[in-house]
Amino acid sequence: MGPGGGRPPIMGAGGNKSRIIQKPKHTGNTLKKLFKYLASFKIPILVTLALAIVATVLTIIGPRLMGNIINVLAEDFIARFTDPTRAYRFDIMGSIALQLLVFYLVAVAANLVSGWIITGITMKVVKKFRTEISQKINRLPIAYFDKHSFGDTLSRVTNDVDTIAQSLQQSISQLISSVTMIIGFIIMMLTISWQLTLIAFVTIPIAFIFIRFVTTHTQKLFKAQQNELGNLNGHIEEIYAGQTIVRTFSAEGTTIEAFTKTNKKLYQSAWKSQFLSGLMQPIMHGISNLGYVATAITGGYLAINGHIGLGDLTAFIQYVNQFTQPITQMSQIISTLQSAIAASERVFDFLEEPEQAPDNIQAQLGKVKGAVQFTNIHFSYDGEKEIIKGFSAKIKPGAKVAIVGPTGAGKTTMVNLLMRFYDPNHGEITIDGVNTKQLARSEVRKSFGMVLQDTWLMDGTIAENLKYGKLDATNAEVKRAAKTAHIDHMIESLPKSYNTQIDEDSEAISAGEKQLLTIARAMIADPPMMILDEATSSVDTRTEQLIQKAMDKLAHGRTSFIIAHRLSTIKNADLILVMQDGNIVEQGNHKELLAKNGFYATLYNSQFTES
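This structure is a prediction, so every number in the text was calculated from the model and none was measured.

Parameters and conventions
Residues numbered from 1 in each chain as written. Predicted model: local features only at pLDDT ≥ 70, side-chain atom pairs only at ≥ 80, totals over all residues. Heavy atoms only, no water. Helix = DSSP H or I, 4+ residues; strand = E, 2+ residues; numbered from the N terminus. Buried < 20%, exposed > 50% of the residue type's maximum accessible area, 1.4 Å probe, protein only. Contact = heavy atoms within 4.5 Å. Core = buried A, V, L, I, M, F, W, Y, C linked by side-chain atoms within 4.5 Å. Salt bridge = Lys/Arg side-chain N within 4 Å of Asp/Glu carboxyl O. Phe/Tyr/Trp six-rings, centres within 6.5 Å; stacked < 30°, edge-to-face > 60°. Axes fitted to C-alpha atoms, helices over the stretch in contact; angles between N-to-C directions. Parallel < 35°, antiparallel > 145°, perpendicular 65-115°, else oblique. Left-handed = near helix turned anticlockwise from the far one by under 90°. Nonpolar A, V, L, I, M, F, W, Y, C, P; charged D, E, K, R; others polar. Pairing = 2+ DSSP bridges. Expected span 1.5 Å × (residues − 1). Bend = angle between axes of the 7 residues up to and from the residue.

K.L.:
Kindly report on the overall build of the protein, identifying the contributing residues and their values.
P.N.:
Helix and strand counts for the protein come out as 20 helices and 12 strands. With respect to the principal axes defined by its C-alpha atoms, the protein has extents near 130 × 50 × 50 Å. By the burial criterion, 48% of the 611 residues in the protein qualify as buried. Sequence-distant contacts in the protein: of pairs separated by 6 or more residues, those separated by 24 or more amount to 81%.

Below you can see the structure in the form of structure tokens.
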């Protein structure tokens, strides 16, 4: 883009900002795409899974070892009734206890290392996502931003990616641990008593039926929740940026009503999804308790009849008591994954948006002279309503060209086409005789500087803002441009001068001073051609005169395109293009057009009364 000014994307295309909510994609496809992102971390993930398995297996063995200690203690206790001299075998119990301690310490260490690795993987995946989103933004056509709110895109970069990160961090190791626990518990329980295991398993189908029911209903709700969250962010971002306008028109009630509607939709989708997923734990606990009671009663009977030892029964009850833990964890992981899948769909939707056509570089400009020609230009934003209809014009190098016309005439669209934010449907635009479609977009845009009504300043010092279009500019160049733009005195009056921190919403400088800064920024970049959108409607007369003088200096010696709102400012233009309904209805200089007493004269006389 040109370095002069204006919030990127520089010129609006006239489309609306409503967000298009696409249909959810298949969960399987989304998971496949997510796994591709994890594929480059295959070895660390395998190490993590191996550590998780080791930690889980050692934890599973714990109750059985504790049961062995109880068995030894029980045997010695009972034996002392017939042989009071028999000593307790504390050496055996101590050996088993030491083994148990080692197992638990190793399990803790494995879990710590596993958590450290998975955190690193998650952060790298998040970094990769955000990098690709950032790069994707630069490859998207301007048309995308005309159809989607800034808040929605921001939500995908922040909320959705954060959701994916949290879900991955919580799910990967926990999932393998839960599966290993379930398998391990089953094996250990079977080695103790197949009868008790059978009783314990009666509750498992009930648990899985419930999990299936919940996950089926929460998927759509989590997707809706992410969509509504994007809508809410978009609404807040737009209203926050337009607070002055909102309050000027006393539209607080309308904005609150719109916010309330969006917030209500988010509330409805959020509470339903969270409520259903929240049912997992209490119901699973209830199911667990039923199995626990049945096992305890049957196990007591078997122990009394000598079919299993007291320690074995204790170990089995611990396994039964813990058996629902991995099932509950799995249900929670599934709920977490539902949210991650919904967020991933939105991120992948964005990453798969159609990109602007690649540059078909067949030529280069060299040193730009500034000859521009429009030949029979036809253009439509939506492919239906034609905005530009057969536009043709020839501009000589160094000419000062004013584009005038009523709202909707196509003035802004012509600039969009000139800068290759859009390409014409028919016809061609040439710079120094070279079709712009044969040039790299960046080369076309570097040929222009832009100063627009919508001033855009980044978060940084005044000097950094002025050097935005030429990063290697010297301090002398910066100061010289500031003096030429009549802004140096104001800058020097600030406490930190050129090192004063400002941003787009800075209150330290006025709207007119911001405009002068964008003019100075364009002067430093020193482009061969300029696009100027008059921006003096909201400033006082003195500032207007300063801005006009600065813009005249900026345009001097360069091919300049001026979108004129106040026709008195373009009396000295070399060529005035008068647009109406996408056509050039008149062209010539000020005197020639007034002499024709046509559409231009009507526009001019509607603003001024000639004496």
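Having seen the model, we can carry on.
K.L.:
Got a sec to walk through the nonpolar core? Specific residues and values, please.
P.N.:
Grouped together as the largest cluster of nonpolar side chains are 44 residues, with contacts concentrated most on Ile-519 and Ile-570. Ranked by residues supplied to this core, first place goes to helix 17 (residues 511–525) with seven residues.

K.L.:
Let's hear about the side chain of Lys-136: which residues, and what values?
P.N.:
Tracing the backbone shows Lys-136 in helix 3 (residues 90–139). For Lys-136, a relative accessible area of 1% corresponds to the buried category. Among residues more than four places away in sequence, those in contact with Lys-136 are Phe-350, Leu-351, Glu-352, Glu-353 and Glu-355.

K.L.:
Hey, could you go over the pattern of salt bridges for me, with residue numbers and the actual values?
P.N.:
Going through the model one piece at a time under the given rule, you end up with 17 salt bridges. Residues Glu-352 and Lys-33 are paired through a salt bridge, measuring 2.8 Å at the closest nitrogen-oxygen approach. Linking Glu-352 in the loop between helix 11 (310–351) and strand 1 (372–380) with Lys-33 in helix 1 (residues 27–39), this pair joins segments that are 319 residues apart in sequence. Note that Asp-488 is salt-bridged to Lys-479, the shortest N-O span being 3.0 Å. The class of Lys-479 is partly exposed, set by a relative accessible area of 28%.

K.L.:
Can you lay out the packing of aromatic side chains for me, pointing to particular residues and giving the numbers?
P.N.:
Going through the model one piece at a time under the given rule, you end up with 12 aromatic pairs. Between the aromatic rings of Tyr-381 and Tyr-422, the centroid separation amounts to 5.0 Å while the plane-to-plane angle is 80°, which identifies the pairing as edge-to-face. Note that Tyr-381 is positioned in the loop between strand 1 and strand 2 (386–395) and Tyr-422 in the loop between helix 12 (411–418) and strand 4 (426–431), a separation of 41 residues in sequence. For Tyr-422, a relative accessible area of 11% translates into the label buried. Through a chain of ring-to-ring contacts, three or more aromatic side chains come together here, namely Tyr-37, Phe-129 and Phe-348.

K.L.:
Describe the packing of helix 2 (residues 42–82) against helix 3, naming the residues involved and giving the relevant values.
P.N.:
Viewed as axis vectors pointing N to C, helix 2 and helix 3 meet at an angle of 160°, and their least axial separation amounts to 8 Å. In terms of orientation, helix 2 and helix 3 fall into the roughly antiparallel class. Both helix 2 and helix 3 take part in a crossing whose hand is left-handed. Its residues assigned to classes, the contact of helix 2 with helix 3 shows 28 nonpolar, seven polar and no charged.

K.L.:
Break down the environment of Glu-132 for me, citing the residues and quoting the values.
P.N.:
Looking at the element boundaries, Glu-132 is found in helix 3. Setting aside residues up to four positions removed in sequence, Glu-132 forms contacts with Tyr-37 and Leu-351.

K.L.:
An account of the pairing of strand 4 is requested, with residue identities and associated values reported.
P.N.:
Relative to strand 4, strand 1 runs antiparallel, the two sharing five bridges. Bridge assignment links Gln-373 to a residue of strand 4, and that residue is Thr-430. As paired elements, strand 4 and strand 5 (residues 434–435) share two bridges and run antiparallel to each other. Across the sheet, Thr-430 pairs through a bridge with Asn-435, a residue of strand 5. Counting the residues that bridge the hairpin from strand 4 to strand 5 gives two residues, and of these Asp-432 lies at a positive phi of roughly 55°.

K.L.:
Describe the sheet that holds strand 5, listing the residues and the values that go with them.
P.N.:
Pairing in this open sheet of four strands is antiparallel, and the strands run 2-1-4-5 from one edge to the other. Two strands close off the open sheet at either side, each with one partner strand: strand 2 and strand 5. Here seven bridges tie strand 1 to strand 2, and the two strands are oriented antiparallel to one another. Residue pairing for strand 2: Phe-379 is matched across the bridge by Ile-388. Sitting on the sheet, helix 12 touches strand 1, strand 2 and strand 4, and the angle it makes with strand 1 is about 115°.

K.L.:
With reference to specific residues and values, describe helix 2.
P.N.:
One turn of the α-helix equals 3.6 residues, which is why residues spaced by three or four share an orientation. With 41 residues, helix 2 should cover 60 Å at 1.5 Å per step; its first-to-last C-alpha distance of 61 Å lies within 8% of that length. For helix 2, the principal kink sits at Gly-62 and spans about 25°; a proline, Pro-63, occurs within the next four residues.

K.L.:
Would you mind going over the packing of helix 5 (residues 150–192) against helix 6 (residues 194–201) in detail, with residue names and values included?
P.N.:
As a packed pair, helix 5 and helix 6 sit with axes 6 Å apart at the nearest point and diverge in direction by 140°. The angle between helix 5 and helix 6 falls in the class oblique. Contacts between helix 5 and helix 6 involve Ile-186, Met-189 and Leu-190 from the first element and Trp-194, Thr-197, Ala-200 and Phe-201 from the second. The residue makeup of the contact of helix 5 with helix 6, split by class, is six nonpolar, one polar and no charged.

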